[in-house]
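Letter by letter, the chains look like this.
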Amino acid sequence: MKKRTRNIISAIALVILLQSANAAETNFILSDSTGIKFNSGKFSEPVLKQKESLSPSIKIPFTQDGTVYFVTEAQVEHTFDATFKSSNNTLDNSITLDLPLFKAAAAFDVQNGASVLAAAGRFSVSDLTAVILSQSADGIFASFDSPRFTASAYAGFTGLLNARTVSFTDSAGTDLSDNTSSSPYTLADPYTLIMLSCGMPYLVFNQSLSLETLAVFGPNDGKSRIYATVGLNGPLAQSVFYSASTTLGAKNFEEFSNLSMMSVEFYPDFLNSRAVFSAEYASGNNGGLSAFMAFTKSAATLAADEPAHSAILKCGASYSLCPQDKVFCQIGSGVIFKVPGNSAEYSGIQIQGLVKYQPFTDLSISFSIESYLADKKEEDRTSATFFASLAF
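Reading the values: the criteria
- Starting afresh in each chain, residues are numbered from 1 along the sequence in its written order.
- Selection of residues for local features in this predicted model requires a pLDDT of at least 70, selection of side-chain atom pairs for listing and counting requires 80 or more, and totals for whole chains, interfaces and linings are taken over all residues.
- Note that the side-chain values use all heavy atoms of the structure and ignore hydrogens as well as water.
- Points on a 1 Å grid, built from protein atoms alone, make a cavity when a 1.4 Å probe fits but cannot get out and make a pocket when they are open with protein on both sides within 12 Å along at least 5 of 7 lines; residues with an atom within 4 Å of a point are the lining residues.
- Grid points are joined across faces, edges and corners, and a volume is the space filled by probe spheres set on the points.
- Under the scheme used here, helices are H or I runs from DSSP no shorter than 4 residues and strands are E runs no shorter than 2 residues, and both carry numbers assigned from the N terminus.
- The rule for a salt bridge is simple: a side-chain nitrogen of Lys or Arg has to be within 4 Å of a carboxyl oxygen of Asp or Glu.
- Burial classification: accessible surface area is computed with a 1.4 Å probe over protein chains only, and a residue below 20% of its type maximum counts as buried, one above 50% as exposed, and the rest as partly exposed.
- The rule is short: rings of Phe, Tyr and Trp, with Trp giving its six-membered ring, pair when the centres are within 6.5 Å, and they are stacked under 30 degrees, edge-to-face over 60, tilted in between.
- The quantity called pLDDT is the predictor's confidence in a given residue, expressed from 0 to 100.
- In this tally, Asp and Glu contribute negative charge and Lys and Arg positive charge; neither His nor the terminal groups of the chain are included.
- For this analysis, a polar contact is any N or O atom pair within 3.5 Å, provided that within protein one partner can donate a hydrogen and the other can accept it, and provided that sequence-adjacent residues contribute only side-chain to side-chain pairs.
- Note on definitions: a residue-residue contact is assigned when non-hydrogen atoms from the two residues lie within 4.5 Å.
- Patch definition: residues with relative accessible area over 30% and no salt bridge; like charges joined within 9 Å; nonpolar side chains (Val, Leu, Ile, Met, Phe, Trp, Tyr) joined within 5 Å.
- All accessible areas in this document rest on Shrake-Rupley with a 1.4 Å probe, and a residue is counted as covered only by the protein chains that are shown.

Chemist: Provide a residue-level description of the layout of surface pockets, including the pertinent values.
Modeler: Space inside the second largest pocket adds up to approximately 320 Å³. Around the second largest pocket sit 24 residues that line it, and Ser-126, Phe-141, Ser-152, Ser-197 and Glu-212 are the ones nearest its centre. Among the elements of the structure, strand S5 (115–126), strand S6 (134–145), strand S7 (150–157), strand S8 (192–204) and strand S9 (207–217) are those that each provide at least two residues to the lining of the second largest pocket. Per-element accounting of the lining of the second largest pocket gives the leading share, 6 residues, to S8.

Printed below as a string of structure tokens:
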């Protein structure tokens with residue numbers, strides 16, 4: 001009897017799986033990126049970075065409305081780096097394998113316009129600032145959304161990620177990525193991530209309040225890290241919106257630090273334009289605060305030394321528009337100061353421009369130029385990048 005029951009359950013599961021496979025969506029993205037950089041004002045010593053990647057993906061829905069599904073994406077990437085010098089040239093040729101997405105998810109509507117979402121597997125996760133944590137990880141996520149209240153919880157692990165494709169730091173700010181390994185897949189350092197957040201949309205005068213706590217624990221790291229963030233966003237006037245956040249960081253509930261960010265966005269009624277004014281402060285060792293250290297490593301500026309979001313103050317502006325339906329243009333600039341102690345030191349200005357052409361939905365071509373004009377010549381950098389992607 002038990003064997004017959006198991007056979008019936010197996011048959012039903014097989015039928016469901018076959019029906020889902022018939023409704024599966026497959027996609028392939030082929031991309032190419034060619035960039036050239038000139039560091040420290042040395043235009044006679046260019047750095048060439050060539051990258052090609054193929055990313056196949058498949059999404060299998062288990063319900064007719066697609067709210068319960070499984071999705072996965074793999075990536076094969078070839079990278080060629082070359083530095084040309086008068087004395088000797090350096091070349092680096094490598095292949096990287098990755099699985100950036102492997103997720104099962106389900107979404108359900110409940111009463112009074114509320115919804116519940118649950119997901120498990122490997123997928124991208126980001127905190128409120130998109131600076132402290134912004135990367136893939138293996139974990140579970142659940143959220144509740146209603147018109148007046150939102151809440152979410154996430155628990156993740158980094159030990160199975162590819163250290164060649166993700167970059168995060170220990171509590172001292174040391175980069176834990178591995179770009180020197182000859183293996184196409186190298187296991188990353190094991191860290192546990194726990195994030196809890198809640199929000200109150202349109203709390204007062206259409207202003208929304210968000211609260212979030214992120215904890216980072218590593219068995220080989222001497223200090224645990226806690227980040228507590230408060231965020232506000234909403235409209236200031238017609239076509240003008242803002243977002244602001246401040247984060248208190250702590251190591252072992254001491255060595256407190258701060259990251260504060262603010263941006264104002266204006267949408268003129270002209271060619272889908274968008275103007276953004278932004279500012280960021282990440283504390284150094286000043287005012288009773290220690291140097292702020294994010295978990296995910298990312299460059300805060302376009303400088304050659306690619307500084308982290310630590311001991312820095314920057315202000316910037318950008319403007320984008322679509323002169324034609326298939327063309328997107330953007331320009332931006334910013335001024336950067338270093339704040340390692342109790343005084344601010346001028347670091348430099350950065351300028352960037354981007355033109356993107358998308359003749360078809362599946363084809364995208366872009367060209368960008370970036371330049372950092374530093375107070376110290378060794379931090380200068382000018383770069384140009386051509387990028388193309390084709391989905392099929």
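Chemist: Pulling in residues and values, what's your account of the pattern of salt bridges?
Modeler: Applying the stated criterion to the full structure yields 8 salt bridges. The salt bridge partner of Asp-81 is Lys-49, with a shortest N-O separation of 3.3 Å. Here the residue Asp-81 occupies a position in strand S3 (residues 68–83), and Lys-49 occupies one in strand S2 (residues 47–61), the gap between them amounting to 32 residues. Asp-81 gets classed as partly exposed once you look at its relative accessible area, which sits at 21%. Between Glu-255 and Lys-223 there is a salt bridge whose closest N-O contact spans 2.4 Å. Highlighted residues: Glu-255 in strand S12 (residues 254–266) and Lys-223 in the loop between S9 and strand S10 (225–237), separated in sequence by 32 residues.

Chemist: Report on the packing of aromatic side chains, specifying residues and quantitative values.
Modeler: Per the counting criterion, the structure on display carries 9 aromatic pairs. Here the aromatic rings of Phe-241 and Tyr-267 are separated by 6.1 Å at their centres, their planes lie at 75 degrees, and the arrangement is edge-to-face. Here Phe-241, found in strand S11 (residues 240–251), pairs with Tyr-267, found in the loop between S12 and strand S13 (274–282); they are 26 residues apart in sequence, far enough to count as distant. Each ring, one from Phe-337 and one from Tyr-346, has its centre 5.9 Å from the other, and the planes form 70 degrees; the classification is edge-to-face. In textbook terms, an aromatic cluster arises when at least three aromatic residues are bridged by ring pairs, as seen for Phe-168, Tyr-191 and Phe-295.

Chemist: Could you give me a rundown of the confidence of the model for the chain, with the residues and numbers involved?
Modeler: Counting all residues, the mean pLDDT for the chain is 91, and 94% of those residues have values of 70 or more. Considering each helix and strand of the chain separately, the mean pLDDT is smallest for helix H1 (residues 2–22), with a value of 57, and largest for S7, with 98.

Chemist: Let's hear about the side chain of Glu-212: which residues, and what values?
Modeler: When you line up the elements, Glu-212 lands in strand S9. It turns out Glu-212 is buried and unbridged, and the closest side chain with the opposite charge, Arg-225, is 14 Å from it. For Glu-212, the side chain forms a polar contact with the main-chain nitrogen of Leu-128, separated by 2.8 Å. Setting aside chain neighbours within four positions, we find Glu-212 in contact with Asp-127, Leu-128, Met-195, Leu-196, Ser-197, Tyr-227, Ala-228 and Thr-229.

Chemist: Can you explain a nonpolar patch on the surface? Please cite residues and give values.
Modeler: Residues Phe-28, Leu-30, Leu-54, Val-76, Ile-95, Leu-97, Leu-390 and Phe-392 make up a contiguous nonpolar surface patch of about 680 Å² in total accessible area. Elements that contribute at least two residues to the nonpolar patch include exactly strand S1 (25–39) and strand S4 (90–109). With respect to the element layout, Leu-54 can be found in strand S2.

Chemist: Requested: an account of unusual backbone geometry, with residues and values cited.
Modeler: Despite not being glycine, Tyr-202 has its phi angle at roughly 50 degrees, a positive value. One can find Tyr-202 in strand S8. Note on Tyr-202: relative accessible area 48%, which makes it partly exposed. Of note, the phi angle at Asn-252 is positive, near 55 degrees, even though the residue is not glycine. With respect to the element layout, Asn-252 can be found in the loop between S11 and S12. You can call Asn-252 partly exposed: its relative accessible area is 33%.

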